[in-house]
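# Chain and residue survey
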Amino acid sequence: MKKLYRSNSEKMVGGIFGGLASYFQVDATILRLIFVVLLFMSFFTVSLLYLVALYIIPKEREM
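Here we summarise the structure given alongside this text.

About the criteria used
Residues numbered from 1 in each chain as written. Predicted model: local features only at pLDDT ≥ 70, side-chain atom pairs only at ≥ 80, totals over all residues. Heavy atoms only, no water. Phe/Tyr/Trp six-rings, centres within 6.5 Å; stacked < 30°, edge-to-face > 60°. Buried < 20%, exposed > 50% of the residue type's maximum accessible area, 1.4 Å probe, protein only. Helix = DSSP H or I, 4+ residues; strand = E, 2+ residues; numbered from the N terminus. Lys NZ or Arg CZ within 6 Å of the ring centre and 35° of its normal. Contact = heavy atoms within 4.5 Å. Patch = residues over 30% accessible without salt bridge, like charges linked within 9 Å, V, L, I, M, F, W, Y side chains within 5 Å. Areas by Shrake-Rupley, 256 points an atom, 1.4 Å probe, with all protein chains shown as cover. Salt bridge = Lys/Arg side-chain N within 4 Å of Asp/Glu carboxyl O. Axes fitted to C-alpha atoms, helices over the stretch in contact; angles between N-to-C directions. Parallel < 35°, antiparallel > 145°, perpendicular 65-115°, else oblique.

## Points about the packing of aromatic side chains
Taken as a whole and assessed by the stated rule, the structure comprises four aromatic pairs. Measuring from centroid to centroid gives 5.0 Å for Y23 and F24, while their planes differ by 85°, and the two rings are edge-to-face. Owing to a relative accessible area of 29%, Y23 belongs among the partly exposed residues under this scheme. Arranged with centres 5.5 Å apart and planes meeting at 45°, the rings of F35 and Y50 form a pair that is tilted. Here Y50 lies in helix α3 (residues 43-56) and F35 lies in helix α2 (residues 28-41), a separation of 15 residues in the sequence. Both residues of the pair, F35 and Y50, belong to the buried class. For K2, the ring lying beneath its charged end belongs to Y23, and the centroid distance is 5.3 Å.

Rendered as structure tokens:
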């Protein structure tokens, strides 16, 4: 079973998109671009969702 973690290696701010990209097996850049587009459409909602995800999704374990 796959688990969702914030990425330690693919991160720019908190590792959310790196972790999501790893989970869904897509490029993190695509998710970041989608985030930026959504951010311009609705700043408050998207930024709030990001902050919530930052605290809910656990960090990836160090190996």
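## Comments concerning the side chain of R32
Mapped onto the fold, R32 is located in helix α2. Not counting residues within four places of it along the chain, the set of residues in contact with R32 comprises E10, K11, M12, F17 and G18.

## Focus on a nonpolar patch on the surface
Taken together, I30, I34, V37, L38 and M41 make up a surface patch of nonpolar side chains, about 490 Å² in accessible area. Structurally, I34 is set in helix α2.

## Some thoughts on the packing of α2 against α3
Contact geometry of α2 with α3 gives a least axis separation of 6 Å together with a crossing angle of 135°. Viewed along their axes, α2 and α3 adopt a mutual orientation that is oblique. Contacts between α2 and α3 pair F35, L38, L39 and M41 from the former with F43, V46, S47 and Y50 from the latter.

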